[in-house]
Amino acid sequence: MAGDARHVFLVGFMGAGKSTVGKMLAEKLGRPFVDLDARIEAAAGARVREVFEKIGESGFRRLERDALESLESQEPAVVACGGGIVTVDENRSTLRRLGVVVYLQVTSGEALARIGDVASRPLLAGPSGTLAATSLLAAREGLYRSVADVTVDTSGRTAVQVAEQAASLIGDLA
Ligand code: S3P
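Residues numbered from 1 in each chain as written. Predicted model: local features only at pLDDT ≥ 70, side-chain atom pairs only at ≥ 80, totals over all residues. Heavy atoms only, no water.

1. So, the site of the ligand
Surrounding the ligand, one finds 13 residues, the nearest of these being Lys-18, Asp-37, Arg-61, Arg-121 and Arg-140. Gly-84 has a polar backbone atom sitting 3.2 Å from an oxygen atom of the ligand. Notes on the ligand: free accessible area 390 Å², of which the protein chains cover 95%. Spatially, the ligand is embedded in the largest pocket. Element by element, the count of residues in the shell around the ligand is highest for helix α3 (residues 48-69), at 3 residues. (Near = heavy atom within 4 Å. Polar contact = N/O pair within 3.5 Å; in protein donor to acceptor, adjacent residues only side chain to side chain. Areas by Shrake-Rupley, 256 points an atom, 1.4 Å probe, with all protein chains shown as cover. 1 Å grid on protein atoms, 1.4 Å probe; cavity = no way out; pocket = protein on both sides within 12 Å on 5 of 7 lines; lining within 4 Å. Sits in = over half its atoms within 2 Å of the grid points. Helix = DSSP H or I, 4+ residues; strand = E, 2+ residues; numbered from the N terminus.)

Set out below in structure tokens:
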């Protein structure tokens, strides 16, 4: 295992900009970029929506947990995590153990506006996406905060601005 691996994990709600900001941050820090949902899709041979359909959210969370744990043996990267990663207690411990955690904060309204078509987000794809987003975010806010080393408010800011602030707050933590 790469015991010194200090990944930079981006957490936050769907639509917070984790993947967009993550790619920019990886470039700034000269590290590889990892999209955890893409890893899960590669392992499952199916899109996230199909994974939810076939094995439900609990099955998806098992694959997510495996994908997160597999990073322990990999070179330090910038990792965009799925929005629900913090809902599993062990994941919060793993995030803190393997790296620096950056919380990208967003309101549910702005998140929905950024996502646009929620078809690829099974947890928001029901008849009341707005209600689902508001209550899910309220339930998770404390979890994001509890795991974060640094927090960046993304409201009304561009991905470039968010990546710049994240890089300066991370400093030499990672
Ligand atoms: C989820 C967020 C999604 C994806 C899955 C579940 C969640 O990732 O992992 O649909 O529980 O918030 P993004 O945050 O990248 O959209």
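2. As for helix α2 (residues 36-44)
An α-helical segment advances 3.6 residues per turn. Residues three or four places apart therefore align on the same side. Along α2, the residues that are buried comprise Leu-36, Ile-40 and Glu-41. End-on, the buried residues of α2 take up no more than an arc of 145°, which puts them together on one face. On the buried face of α2, the contacting elements are β2 (33-35), α3 and β3 (78-80). One side-chain oxygen of the residue at the start of α2 lies 3.0 Å from the amide nitrogen of Asp-37, identifying that residue as Asp-35. At the exit of α2 stands Gly-45, carrying a positive phi of roughly 65°. (Buried < 20%, exposed > 50% of the residue type's maximum accessible area, 1.4 Å probe, protein only. Arc of directions from axis to C-beta. Contact = heavy atoms within 4.5 Å.)

3. Focus on the layout of surface pockets
Leftover empty space is mapped by rolling, across the atoms, a probe with the size of a water molecule. In this structure, the largest pocket spans a volume of roughly 640 Å³. What lines the largest pocket is a set of 31 residues, among which Met-14, Asp-37, Val-48, Ser-120 and Arg-121 lie closest to the centre. For the lining of the largest pocket, the elements supplying multiple residues, two or more each, are α1 (18-29), α2 and α3. Take the lining of the largest pocket: its biggest share by element is 6 residues, from α3. The class makeup of the residues in the lining of the largest pocket is 12 nonpolar, 8 polar and 11 charged. (Points joined across faces, edges and corners; volume = space filled by probe spheres on them. Nonpolar A, V, L, I, M, F, W, Y, C, P; charged D, E, K, R; others polar.)

4. Examining the packing of aromatic side chains
Both the distance between ring centres and the angle between the ring planes are used here to describe each pair of aromatic rings. Per the stated rule, a full pass over the model turns up 2 aromatic pairs. Seen in terms of ring centroids, Phe-52 and Phe-60 are 4.9 Å apart; in terms of plane orientation they differ by 40°. Their pairing is tilted. For Phe-52, a relative accessible area of 15% gives the class buried. Residue classification places Phe-60 among the buried positions, given a relative accessible area of 4%. When the ring of Tyr-103 is compared with that of Tyr-144, the centres are 5.1 Å apart and the planes differ by 25°; the resulting orientation is stacked. On the criterion of sequence distance, the pair formed by Tyr-103 in strand β4 (residues 99-105) and Tyr-144 in helix α6 (residues 129-147) is long-range, its members being 41 residues apart. The exposure classification of Tyr-103 matches that of Tyr-144, with both residues buried. (Phe/Tyr/Trp six-rings, centres within 6.5 Å; stacked < 30°, edge-to-face > 60°.)

Geometric descriptors of this kind do not, in isolation, establish any biological role.
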